[in-house]
Structure formats: C-alpha cells, structure tokens
Amino acid sequence: MSGPGRDAKRPAAADPSALAERAAAAVDADRLVAWTQALVRIRSVVDPERGSSEQEAATWVADTLRELGFSPTIEEVAPGRPNVICDWSGSRFDPERHRTLMFEGHTDVVTEGDRASWSVDPFGGAIDGDRLYGRGAADMKGGVAAAIAALCAVREVAPDLPGRIRLGIVVDEEGMMSGIKSFIENGWAREVDGAIVCEPEENELCLVQKGALRLHVRVVGAMAHGAMPYAGVNPVRGLAHFLVALEELEQREQQRLGEHPHLGRPWITPTMMRAPDGGTPQLNVMPGNAYQAIDVRTVPGQDHDALLAEIQAAARATEAGTPGLTIEVECFASRPWTETAADDPLVSALAAAYPGTIGGPARYGGVPGATDGTFLSAWAQVPIVTVGPGDRTIPHQSDEFVRVPDLILAARLYAAAAVRYLGEAESAPS
C-alpha cells in the first residue's frame, strides 16, 4: 500500500454517531432474510463426486451485487471455485488518507451428512418461529448476507463517506483455506486496514482465536503373526506410547498456560487412526504400519515451531524405546492463533456501535476454531475482529439454524461500525 501506513490513519474529531445510527436503521431486514434463504438453498458443499462446489453460491453473490449496482471481481482459485471481491468507496475516499474496511465471508459449507438426522430440509431455508434453518445458515451464509446488507445500508446513508468497504467472499474456508490465501497472494489485503470476519460468534466481539496444527503421524514397524508378536515390531503399541507422550505434553502446556478467559485450554487431540495404513486388517495379524491424525489447538503464548519440535522429540524418544520402530510426523497445516489489541480502531468502532445495535455494553469472546481471519492476521498483518450471527456451537450440526433477530442485529452492527471506523479518517501530520 502506497502512502502512509495503517498506523498513520487516524479518525478526525467529527462525531459520526448520528450517521452510524442512520446506517444501522437503513438495513433492509426483509431483503437480508430473503438473501440468507437464497444462499442456504444452494448446496455449496465441495463434493467432487456429486459435482458440487462453491460455484453456484459465488455466482449468486456476484449476480446479486451487480443487480445492486456494484462491480464485483471474480477470481478463480481452482476450477469451479471462485472468490468474489467487491469494492465500494464514498465519493470523498482518498486511498492515501482514508481507511479500507473488509467484510470477510466464505461460500463453502460442510456436508449435510445423513439427511435422516435433519427434521427439516437441510437446503430448504425454512423459517420456524425466529429460526432460519439449513446447512450454512449460521456458518456462514447468514454472515455473508449480513455483510452485503450492511454495505447497501452504508452506501444509502453515507454516499460521501471518506472510506472504502471491500467485500471478500472466498472459497474453501472449511478445507485448506485456499480462498483467503489466494485473496492475500493476489494483493487484495494490502490496502485493508481492518477486517470484520462475519463468522457465527453469537454477535460477540472476538479479538482472539485459537490456532491449529494438523499432523500426519506414520508409524512403521514389522508385520508378524498375532500369536508371535516377538517376531516383528508392533507399530500399534509404539503409537500408543507416542500418544501417551503427547498427552503428557498437553498436560504440561495446560499447566503452563492455564485457562484462557475466552479460548479455554490448548489441546492435542488424536482423531483418525488406521492400522494397517491401507490394505485389509486381520485380527490375527500384527500390522506393519499405522497412521494417526493429530489435531492440535493452540492459544496465545504457544509457539508453533517450538511445540512441533517437542512433538518431534517425543517421536524420537518413542523410537529409542522400541528398536526397529520409526515414527514420521508431518505437519501439513499450521494456522497461528490471533490476537487483536483491544485499543485497535476497529475494536473501538465496533464497541461504540454495539449499544445502539446489539444493545448494552459490548460483549467479548473468543473463536474456538481457526477462520480465514487467521491468515489475514498472520500473513497480511490485518487487524481482525470476528463477530457474526449464530450460536457458536451450531455449525456442522444437523438442524443448523440462525436466529433471524440476531441476523438483523449483526447487519446493523456491521453498518454502524463501518461508518464509525471509516468516518473522517485522515493521515496523521508528518
């Protein structure tokens, strides 16, 4: 980004409270709900066998933005998997002096699983009482629709706002997050001064989120008859010793760091296990190899490289205790924890907008999983706040839903905070 850096941009003295209230009130609730239903009705599960991806949902977003008079940009991350980026700026926007705020969301959803476990059509978008049901209603098509509604409200009441809003509606958040990585690699994050990640967090302002390490563990021994295990090397027993060592490491880290007020404890969790790692298992055959997936969740105060080194050391110690055993630990994804300063201008804008939109003083929380904001923060050094409609435990469950009142409140919060944040941001005097 040319010109003064993010830290050089400062809000002027003008009080934008009245304009923020008008922006919140300008959110079209009926249209917001209809948009959420339309998105939920698109099965944007990444499912190559059934030929589905984010394509249809991304096309809906782009077409809707065009109908609203915006000019979205489409960038294909992989075949049939496009990011949608859309900028709007007030008539007085100067990129050298004024801020850019990003609303971030994703179009992919996880599988609906067994449809028999749903009491409603997972892609029906049905409303019952104050709940809008469907896969992705909370995670996070409601958030995407709320961002679009907020953008429209800001444009309506503040056409000369000295700032820019950038929508980044990306693919693959539920996978390897290739969408946000592409967004950053293609330069879209360079001009972003702050980002609201519209994930379902009960409309709490989440300034922290857990990090994640994803590990493949492959253990190799020597196959033998189950009646004569001494003739081989048992990889299952070696894996068991390794997992005990990881549990001890987890306990040490939990004792060292204690309970984070918003994120709880760090965890090292064994998940998928196979022995042998391929082929047909037999009860009377000691396999020659085994596989274990490990899901590590980290909190502020943990260094991923140092933690991975301790895990590797545990593997070497286990090998040393079992001649002929080898353990390979591969880290295939590292998503750092994030933490945004409480006095960041974006946090201040959201907190100031909170009483007039959500009601009461700002409520704060933490994100238990990783989001696209991980890479906006870690790779692009963009301050992020994760806040959006939906119970944080409901994503990926059957009968997923978002409460309609919470959906509307989130959009109003986004609109009011955008006006406050972008306000009259001028570069500080040199």
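Conventions used here
- Residues numbered from 1 in each chain as written.
- Predicted model: local features only at pLDDT ≥ 70, side-chain atom pairs only at ≥ 80, totals over all residues.
- Heavy atoms only, no water.
- 1 Å grid on protein atoms, 1.4 Å probe; cavity = no way out; pocket = protein on both sides within 12 Å on 5 of 7 lines; lining within 4 Å.
- Points joined across faces, edges and corners; volume = space filled by probe spheres on them.
- Nonpolar A, V, L, I, M, F, W, Y, C, P; charged D, E, K, R; others polar.
- Helix = DSSP H or I, 4+ residues; strand = E, 2+ residues; numbered from the N terminus.
- Contact = heavy atoms within 4.5 Å.
- Polar contact = N/O pair within 3.5 Å; in protein donor to acceptor, adjacent residues only side chain to side chain.
- Salt bridge = Lys/Arg side-chain N within 4 Å of Asp/Glu carboxyl O.
- Buried < 20%, exposed > 50% of the residue type's maximum accessible area, 1.4 Å probe, protein only.
- Axes fitted to C-alpha atoms, helices over the stretch in contact; angles between N-to-C directions.
- Parallel < 35°, antiparallel > 145°, perpendicular 65-115°, else oblique.
- Left-handed = near helix turned anticlockwise from the far one by under 90°.

Draft legend 1. Representation of the layout of surface pockets in the model. Roughly 450 Å³ of volume is contained in the largest pocket. Glu-173, Glu-174, Gly-369, Ala-370 and His-396 are the residues nearest the centre of the largest pocket, which is lined by 21 residues in total. Its residues assigned to classes, the lining of the largest pocket comprises seven nonpolar, four polar and ten charged.

Draft legend 2. Up close: the environment of Arg-166. Considering the arrangement of structural elements, one finds Arg-166 in strand S7 (residues 164–170). Measuring from C-alpha to C-alpha, the distance between Arg-166 and Ala-189 comes to 9.5 Å, with 23 residues separating the pair along the chain. If sequence neighbours within four positions are ignored, Arg-166 has contacts with Ile-85, Cys-86, Asp-87, Thr-100, Leu-101, Met-102, Phe-103, Phe-183, Trp-188, Glu-191 and Val-192. Only 3.1 Å separates the side chain of Arg-166 from the side chain of Glu-191, close enough to count as a polar contact.

Draft legend 3. Molecular detail of the pattern of salt bridges. A full pass over the atoms with the stated rule returns 26 salt bridges. A salt bridge links Arg-166 to Asp-87, with the nearest nitrogen and oxygen atoms 2.7 Å apart. Here Asp-87 lies in strand S3 (residues 81–89) and Arg-166 lies in strand S7, a separation of 79 residues in the sequence. Accessibility expressed as a relative area gives 2% for Arg-166, which makes it buried. Note on Asp-87: relative accessible area 28%, which makes it partly exposed. The salt bridge partner of Arg-218 is Glu-330, with a shortest N-O separation of 3.1 Å. One end of the pair, Arg-218, is in strand S10 (residues 211–220); the other, Glu-330, is in strand S15 (residues 326–335), with 112 residues separating them in the sequence. Its relative accessible area of 29% is what places Arg-218 among the partly exposed residues. Among the residues examined, Glu-330 registers a relative accessible area of 32% and is labelled partly exposed.

Draft legend 4. Expanded view of the packing of helix H4 (residues 137–157) against helix H10 (residues 404–422). Relative to each other, H4 and H10 sit at 45°, their axes nearing to 8 Å. On the basis of the axis angle, H4 is oblique to H10. Pair H4 / H10 crosses with right-handed handedness. For the pair H4 and H10, contact is made by Gly-142, Gly-143, Ala-146, Ala-147, Ala-149, Ala-150, Ala-153 and Val-154 and by Leu-407, Ala-411, Tyr-414, Ala-415, Ala-418 and Val-419, respectively.

Draft legend 5. Quick peek at unusual backbone geometry. Here the residue pair Asp-139 and Met-140 is connected by a cis peptide bond, since its omega of -10° sits within 30 degrees of zero. As for its placement among the helices and strands, Met-140 is situated in helix H4. Residue Ala-275 is joined to Pro-276 through a cis peptide bond whose omega torsion reads 0°. If you trace the backbone, Pro-276 turns up in the loop between strand S12 (267–274) and strand S13 (285–286). One non-glycine residue, Asp-172, lies in the positive phi region at around 65°. With respect to the helices, strands and loops of the structure, Asp-172 is situated in the loop between S7 and helix H5 (178–185). Backbone geometry at Glu-202 places phi at a positive 60°, although glycine is not the residue there. Here Glu-202 shows up in the loop between strand S8 (194–197) and strand S9 (205–209).

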